[in-house]
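Summary of the model geometry
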Amino acid sequence: MARRIAVEDSHAVALAAKMANVDVIAAYPITPQTHIVEELSRMVSDGEFDAEYINVESEHSAISACIGASAVGARCFTATAGQGLALMHEILFIAAGNRFPIVMAIANRCLSPNINIWGDQSDVMSSRDCGWIQIFAENAQEIFDLILSAFKISEDDRVLLPVAVNFDGFYATHVVERMDLPEEEEVRRFLPPHRTARYKLDPDRPLTFGAIGFPAIQFELRRQWEEALCNSKQVVKEVWQEFGRIFGRHYDVLEPYRMEDAEIGFILMGGSSGTCRVAVDRLRERGFKAGMIKLRLFRPFPKEEILEAVSRLKTLITVDKHICLGGLGGPLFNDLRSLFYGFQRRINVAGFIAGVGGRDIKVEDFEHMFEKVVKGEVSPEKHVFIVRGES
Amino acid sequence: MAVSQEYFKTFRDLPREDWFVCGHRACQGCGEAIAVRLILKALGPNTIVVSPTGCLEIISSPFPYTSWAVPWIHVAFENAAAVASGIEAGLKVLARKGLLEKQKTNVLVLAGDGGTVDIGLQSLSGALERGHDFLYVCLDNEAYMNTGIQRSGATPFMCWTTTSQVGRVKRGNLTWKKNMPAIVAAHRVPYVATATVAYPLDLANKAKRGIETEGPAYLHVLASCPTGWRLPPELSVEISRLAVQTGFFPLYEIVDGEFRVTVEIPRRKPVAEYLKPQGRFRHLTDEDIAKIQEQVDRECARLGIP
């Protein structure tokens, strides 16, 4: 039986890595991720599980060491945030493109300048094209569950891609929440205690990894990577279904809230979706047909599921915590307007950017966005765009 | 002491097999390719090789071909030591958990000077300080050769490269070569050594001693580069010998902090004999050579070399 515990979200991350029985942890401290690696260090020092904890000298080396460990067949884990993720940037692509299973927790933090340790999504969004499976979690339970399942997804022979599980710096990492901690046996039924690596650095079967790719082959390799990433969606869904069968908590690539008859709906990722749910309830009380989609899987982008979820919607409000500087607003806005353009039915997309640099997004802020849309006050100058020019 | 063991007394002691095999794209007379072949002969097939970006990576792995008969991985330029750290830690924990057949596999880094003394210095320092059990070999051809002979922190004083040009105002590289073995030794690692392909048994023995050492071992190989040094390929080994015989590149090892010269040079030749055959030094005046000679004398005196 699962045990109900009160746990700091960061410790929920560490618990998930421990219950996954990771072999190698390579991590570098960075706020607001520090509590994760501190707790893992404590667990390893106390002998709670057997892992090599590598105190690397940078995040660049953290992800590089994970590649090395993954390449010999070890199950490995790292955690980072903000600048740390940016320092990893170059290696993120190599981890994914050379198909190394790795699980990374990202405590989303604003990228400098100005130096700011608080939460937004500019870190992960600046690495969004790195070819990883990118998942967003809201609270302790979801963080724990999604990290545990990330190992199973990442190591699946049909996938062999690294997985990043994102959650809000401070808003998630530094709060204590209620969580059901499963028993070891339950976890083992879901995730085998050790990885089975079909391709690895093995003297008995020498393989060359990371060869030079000339123009005659590079395009094909890139396309295979893209196909593998897109195909991983099915495995993500399967793994989460199995997770639901074993643990009784059900996850899908997105989570609609009061969307059945909604006319205007929000879409967003991470912890603010909790606040948004309250705003949707309030708007419903005021007589508006409001709804919300919490996007759990950001890459590969679940196109079909989103189209199905918005099939009755008039306007979708995107809430991004990152500005594509010099571009057209936030990443969700860009992806969704792109997705809807050419869709058989017109759906307006109103793009809002909020919560940058740890600025709180309150219930009233969501109501305000909604009201602006209702009043038709959205204009391109304010990063609010409407599909096909309807205003 | 096990580390001073002569594993290979003659060439017959080296295996006939190769694990860095023919068909690679190295230039004629490439010292690096000779060194790699020897090092793998010394270490044998139970070895995992990590190479950062550099000459070695591009000459040996044009997909779908490979010259590596041992498992080999390239990740990026500045992180070979970090990748090796993960490999070593991964093998260690998997062996501990009874998940590997072999209890011990050699972890070997084969890096260039740029990937070691410049962009890879941080990750190397971290790996040395953490004490991973691996052998790191720096194949030092004294510039960024595969990108077209640009200077690195390992480029010698006054040397011509494409980014330390010899012009009217500046005449070649303005800085002295970074002393990488001393930097590694400052980490108090158990084994540090230097080698060249002109003394192949010395090189093979040092590689073997390095890998047999528990903890981090570092081997700095002067890897002659006919293309970048502007030298006829047939003089590649000869120039490596002159580097040693002039005291320009002394051969030594530092075992558990104890320094010893491994190839004694009773009467050092003038450094001009090493510099003169190389096009990269052809602009040097007698005065310049005297200045370099002075530096070599000083360095040899510091190391106790006559």
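Residues numbered from 1 in each chain as written. Chains lettered and ligands numbered in written order. Predicted model: local features only at pLDDT ≥ 70, side-chain atom pairs only at ≥ 80, totals over all residues. Heavy atoms only, no water.

Focus: the overall build of chain B
The line we're drawing: Secondary structure elements are defined from DSSP: runs of H or I of at least 4 residues count as helices, runs of E of at least 2 residues count as strands, and each element is numbered from the N terminus. Note on areas: Shrake-Rupley with a 1.4 Å probe; residue coverage comes only from the protein chains shown.
A tally of regular secondary structure across chain B gives eleven helices and eight strands. With the principal axes as the frame, chain B shows a C-alpha extent of 65 × 45 × 40 Å. Summed over all atoms, the accessible surface of chain B reaches about 12400 Å², with 54% contributed by carbon and sulfur.

Here's the deal with the overall build of chain A
Here is the rule: Only C-alpha atoms enter the radius of gyration; for comparison, a globular chain is expected to reach 2.2 Å times N to the power 0.38, where N is the number of residues. In this scheme, a residue with accessible area under 20% of its type's maximum is buried, one over 50% is exposed, and one in between is partly exposed, where area comes from a 1.4 Å probe on protein chains only. Throughout, a contact is declared for two residues whenever any of their heavy atoms are within 4.5 Å. Charged residues are defined here as Lys and Arg on the positive side and Asp and Glu on the negative side; His and the ends of the chain fall outside this count. Think of each charge as sitting on NZ of Lys, CZ of Arg, CG of Asp or CD of Glu.
Scanning chain A from terminus to terminus reveals twelve helices and 15 strands. Relative to the globule expectation of 21 Å for 391 residues, the C-alpha radius of gyration of chain A, 21 Å, shows essentially globular dimensions. Overall, the C-alpha framework of chain A stretches about 65 × 55 × 45 Å when taken along its three principal axes. Out of the 391 residues in chain A, the part that is buried amounts to 61%. Look at the contacts in chain A between residues 6 or more apart in sequence, and 79% of them connect residues 24 or more apart. Total accessible area computed for chain A in this model is approximately 15300 Å², and 50% of it derives from carbon and sulfur atoms. Looking at chain A, you have 45 positive and 55 negative side-chain charges, and the mean spots of the two groups are 6 Å apart.

Here's the deal with the interface of chain B and chain A
Worth spelling out the cut-off: When two components associate, each loses some accessible surface as probed by a 1.4 Å sphere; the sum of these losses over both components is called the buried area. The rule for a salt bridge is simple: a side-chain nitrogen of Lys or Arg has to be within 4 Å of a carboxyl oxygen of Asp or Glu. We define a polar contact as two N or O atoms separated by no more than 3.5 Å, with the added condition that, inside protein, one atom must be a possible hydrogen donor and the other a possible acceptor, whereas residues neighbouring each other in sequence contribute only through side-chain atom pairs. We call Asp, Glu, Lys and Arg charged. Ala, Val, Leu, Ile, Met, Phe, Trp, Tyr, Cys and Pro are nonpolar, and the rest, Gly among them, are polar. Pairing between strands is defined by DSSP: at least two bridges between them are needed.
At the interface, 44 residues of chain B touch 43 residues of chain A. Counting each side, the surface lost to burial between chain B and chain A is near 3200 Å², with a carbon and sulfur contribution of 63%. Applying the counting rule to chain B against chain A returns six salt bridges. With a closest N to O distance of 2.6 Å, B:K97 and A:D23 form a salt bridge. There are 16 residue pairs in polar contact (both at pLDDT 80 or more) connecting chain B and chain A. Contributing elements (two or more residues each) for the side of chain B that touches chain A: strand 1 (47-51), helix 2 (55-60), strand 2 (72-74), helix 3 (80-96) and helix 5 (121-130) of chain B. Looking at the side of chain B that touches chain A element by element, the count peaks at twelve residues for helix 3 of chain B. Of the residues that constitute the side of chain B that touches chain A, the class distribution is 21 nonpolar, 14 polar and nine charged. Pairing between strand 9 (residues 208-209) of chain A and strand 2 of chain B: two bridges, direction parallel.

A closer look at the domain arrangement of chain A
Residue and element names in this part refer to chain A. Selection criterion: An automatic or database domain assignment is the source of the domain bounds shown.
Each assigned domain of chain A is listed with its residue range as follows: domain 1 (3-247) and domain 2 (254-385). One C-alpha centre belongs to domain 1, the other to domain 2, and the line joining them spans 27 Å. Across the boundary between the two partners, domain 1 contributes 28 residues, which contact 27 residues of domain 2. Of the roughly 2300 Å² buried between domain 1 and domain 2, counting both surfaces, carbon and sulfur atoms make up 54%. Broken down residue by residue, the surface that domain 1 buries against domain 2 is led by R128, E138 and K233, which jointly contribute 27%. Applying the counting rule to domain 1 against domain 2 returns eight salt bridges. A salt bridge links K233 to E304; the shortest N-O distance between them is 2.6 Å. Summed over the shared surface of domain 1 and domain 2, the result is 19 residue pairs in polar contact (both at pLDDT 80 or more). Elements with a contribution of two residues or more to the side of domain 1 that touches domain 2: helix 5 (122-125), strand 6 (133-136), helix 6 (140-155) and helix 8 (215-247).

Thoughts on the pattern of salt bridges
Within this structure, the stated rule accounts for 56 salt bridges over all chains. The closest approach of N and O atoms between B:K177 and B:E142, which form a salt bridge, is 2.9 Å. A residue pair is termed long-range when its members are at least 10 positions apart, and B:K177 in the loop between strand 4 (135-140) and helix 6 (180-185) and B:E142 in the loop between strand 4 and helix 6 qualify at 35 residues. A single network of salt bridges, built from pairs that share partners, joins A:E138, A:E142, A:E255, A:R277, A:K294 and A:R296.

Points about helix 1 (residues 9-19) of chain A
All names here are of chain A. Of all eleven residues in helix 1, nine are buried; the element is thus mostly enclosed. Taken together, the buried positions of helix 1 are occupied by D9, S10, A12, V13, A14, L15, A16, A17 and M19. Positive phi shows up at N21, right after helix 1, with a value of about 60°.

So, the side chain of B:K208
Residues and elements named next belong to chain B. When you line up the elements, K208 lands in helix 7 (residues 200-212). Classification of K208 as buried rests on a relative accessible area of 19%. When near neighbours in sequence (up to four residues on either side) are disregarded, K208 contacts Y7, F8, A42 and L43.

What about the packing of aromatic side chains?
Spelled out, the test is: Any two rings among Phe, Tyr and Trp, with Trp reduced to its six-membered ring, count as a pair given centres within 6.5 Å; such a pair is stacked if its planes are under 30 degrees apart, edge-to-face if over 60, and tilted if neither. Two limits define a charge over a ring: the Lys NZ or Arg CZ must be within 6 Å of the ring centre, and within 35 degrees of the ring normal.
Overall, the coordinates contain 21 aromatic pairs over all chains when judged by the stated rule. Each ring, one from B:F20 and one from B:W68, has its centre 4.9 Å from the other, and the planes form 50°; the classification is tilted. Placement of the pair is B:F20 in the segment before helix 1 (31-43) and B:W68 in the loop between helix 2 and strand 2, with a sequence separation of 48 residues. Arranged with centres 6.1 Å apart and planes meeting at 85°, the rings of B:F77 and B:Y144 form a pair that is edge-to-face. One end of the pair, B:F77, is in the loop between strand 2 and helix 3; the other, B:Y144, is in the loop between strand 4 and helix 6, with 67 residues separating them in the sequence. Joined through ring pairs, the aromatic side chains of A:F190, A:F243, A:F247 and A:Y251 make up one cluster. Looking at A:R277, its charged tip hangs above the ring of A:Y257, at a distance of 5.9 Å from the centre. In this structure, B:K208 is placed above the aromatic ring of B:Y7, and the distance from its NZ or CZ to the ring centre is 5.6 Å.

Structural notes on the layout of surface pockets
To find the voids left in a structure, one rolls a probe of water-molecule size over its atoms. Here is the rule: Whether a set of points on the 1 Å grid over the protein atoms alone is a cavity depends on a 1.4 Å probe fitting there but being unable to get out, while an open set qualifies as a pocket with protein on both sides within 12 Å along at least five of seven lines; lining residues are those with an atom within 4 Å of a point. Grid points are joined across faces, edges and corners, and a volume is the space filled by probe spheres set on the points.
Reported here for the largest pocket is a volume of approximately 1200 Å³. Every residue lining the largest pocket is counted, 37 residues in all, and those nearest its centre are A:G97, A:N98, A:R99, A:G210 and A:L221. Taken together, the elements giving at least two residues each to the lining of the largest pocket come down to helix 3 (59-71), helix 4 (82-97), strand 9 and helix 8 of chain A. Of the residues that constitute the lining of the largest pocket, the class distribution is 18 nonpolar, eleven polar and eight charged. Elements supplying a minimum of two residues to the lining of the second largest pocket: helix 6, strand 7 (252-255) and helix 11 (286-303) of chain B. Here the lining of the second largest pocket takes six residues from helix 11 of chain B, the largest share from any one element. Taken together, the residues of the lining of the second largest pocket break down into 18 nonpolar, five polar and four charged.

Comments concerning helix 3 of chain B
To keep things clear, this is the line we draw: A helix's residues, less one, multiplied by 1.5 Å, set its expected span.
The terminal C-alpha atoms of helix 3 of chain B lie 24 Å apart, and with 17 residues this matches the ideal 24 Å at 1.5 Å per residue to within 8%. Burial analysis of helix 3 of chain B places 15 of its 17 residues in the buried class, the great majority of the element.

Examining empty space enclosed by the protein
Residue and element names in this part refer to chain B. In the structure shown here, the tally under the stated rule is four cavities of 30 Å³ or more. Counted as a void, the largest cavity has a volume near 180 Å³. If you go around the largest cavity, you meet 21 residues; those closest to its centre are T53, G54, C55, G112 and N146. When residues of the lining of the largest cavity are traced back to their parent elements, those giving at least two are helix 2, strand 3 (106-112) and helix 4 (114-118). Class assignment for the residues of the lining of the largest cavity results in ten nonpolar, eight polar and three charged.

Details of the side chain of A:T78
Along the polypeptide, A:T78 turns up in strand 4 (residues 76-80). Apart from the residues within four sequence positions on either side, A:T78 is in contact with A:A26, A:A27, A:A62, A:C66, A:M88, A:V103, A:M104 and A:A105.

Observations concerning the nonpolar core
Test applied: To qualify as a nonpolar core, a set must consist of buried Ala, Val, Leu, Ile, Met, Phe, Trp, Tyr and Cys residues joined through side-chain atoms within 4.5 Å.
Membership of the largest hydrophobic core comes to 186 residues, with the highest contact counts inside it found for A:F77 and B:I73. Counting residues per element, this core draws most heavily on helix 8 of chain A, which supplies ten residues. Each of two domains, domain 1 (3-247) and domain 2 (254-385) of chain A, supplies a minimum of three residues to this core. With 39 residues, the next largest nonpolar core counts B:C30, B:A33, B:V137 and B:V255 among its residues.

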